[in-house]
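The chain contents come next:
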Amino acid sequence: MAMLALAGIALFVVFSALGWWQVERRTWKLALMERVEQRLHAAPIPLPPPAGWPQVTAASHEYQPVRAQGRWLERKTVLTQAATVLGAGFWVLTPLQLDTGGQVLVNRGFIPEAQRAPWLAAAAQAPDSPAVQVEGLLRMAEPGGGFLRRNDPAQQRWHSRDVAAIAQAQGLAQAARFFIDAGIPDARAPHPAPEDAPASAGPWPRPGMTVVRFHNSHFVYAVTWFGLAAMVAAAAVYVARYELRLRAAHRLSTRHEPPL
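Q: Is there a simple way to explain the overall build of the chain in this structure?
A: A tally of helices and strands in the chain yields five helices and nine strands. Here the chain holds 260 residues, and 35% of them are scored as buried. Partitioning the contacts of the chain with sequence separation of at least 6, the portion at a separation of at least 24 is 68%. Surface exposure of the chain reaches about 15,600 Å², of which carbon and sulfur atoms provide 62%.

Q: What is the right way to look at the side chain of Q170 in this model?
A: Checked against the element boundaries, Q170 lands in the loop between α4 (163–169) and β9 (175–182). Judged by its relative accessible area of 13%, Q170 is buried. When residues no more than four places from it in sequence are discounted, the contact partners of Q170 are R75, K76, T77, V78 and Q156.

Q: Which parts of the structure should I look at to understand the pairing of strand β4 (residues 87–98)?
A: Side-chain direction in a regular strand flips from residue to residue, so the side chains alternate between the two faces of the sheet. Within β4, nine of the twelve residues are buried, which leaves it mostly tucked inside the rest of the structure. Note: strand β3 (residues 78–84) against β4, seven bridges, orientation antiparallel. The partner of T84 across the bridge, within β4, is G87. Hairpin connection from β3 to β4: two residues lie between these consecutive antiparallel strands. Bridge analysis of β4 against strand β5 (residues 103–112) gives eight bridges, and the strand direction is antiparallel. Within the sheet, the bridge partner assigned to Q97 lies in β5 and is Q103. Turn length for the β4-β5 hairpin, with the two strands adjacent in sequence and antiparallel, is four residues, and the turn residue G101 shows positive phi of about 100°.

Q: Where do I start with the pattern of salt bridges in this structure?
A: Two side chains carrying opposite charge are able to pair once their charged atoms lie near each other. Overall, the coordinates contain five salt bridges when judged by the stated rule. A salt bridge links E74 to R108; its shortest N-O distance comes to 3.0 Å. With a gap of 34 residues between them, E74 in the loop between β2 (65–72) and β3 and R108 in strand β5 connect regions that are remote in the sequence. Accessibility classification places E74 together with R108 in one group, the buried group. With a shortest N-O distance of 2.9 Å, R161 and E142 are connected by a salt bridge. Highlighted residues: R161 in the loop between β8 (149–150) and α4 and E142 in the loop between β6 (131–140) and β7 (145–146), separated in sequence by 19 residues. Take R161: its relative accessible area is 8%, and that puts it in the buried class. Taken together, the salt bridges that share partners define one network made up of E62, R139, E142, R161 and D181.

What counts, and where the lines are drawn
- Residues numbered from 1 in each chain as written.
- Predicted model: local features only at pLDDT ≥ 70, side-chain atom pairs only at ≥ 80, totals over all residues.
- Heavy atoms only, no water.
- Helix = DSSP H or I, 4+ residues; strand = E, 2+ residues; numbered from the N terminus.
- Buried < 20%, exposed > 50% of the residue type's maximum accessible area, 1.4 Å probe, protein only.
- Contact = heavy atoms within 4.5 Å.
- Areas by Shrake-Rupley, 256 points an atom, 1.4 Å probe, with all protein chains shown as cover.
- Pairing = 2+ DSSP bridges.
- Salt bridge = Lys/Arg side-chain N within 4 Å of Asp/Glu carboxyl O.

This is the structure in structure tokens:
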């Protein structure tokens, strides 16, 4: 009985702790969503200079609209796999040689699968780029690859926007550890359904397709963990009452037993 009580106490403590953890996570997620919402509606700010890049974090800058000036390094373009409302395809990532020094990868937008070979061929023969200004959302790198798929720099097969790996493969010595999603989508506008988005229509690449959506099920998780804790407590009360009844019945039967 003592072991059962200890197990019940341990389960109650663990389930309650997990419930409070989900409450804290929900508070953090709501604060993050509020910060991102404020950033999305702010005017673009100049991209931090290279000296300030170490201080750029997801908490301080992710989804911040920024503005950068420089020249495209077209011949160092890479394509990373993408799944959008337009179907499967690729993100076009081209380094931007900044006027302030260093390079930053820019996701110029989406192209369908059929555009992969023509786009890479055109990028390999592209002339020197004139000066351009880019506006978009600052995003943090996506290291490692995709689900069960690793990036293969040697074969130029990229399943994620792994900034450090792409920079190393393309010989970018002063690349930022973040990238820019070109175009600033309206976060308040509903994302188009697949049937409403013409996949065959250009021009390519198509920018402004960043989906800003946060999965927030922490309330449900918290209720689940607290519910399990309540079930453990209810089971403990039931077992305790049952044990008390057994002891009371035992004492009563002992009291009325005839002497030998």
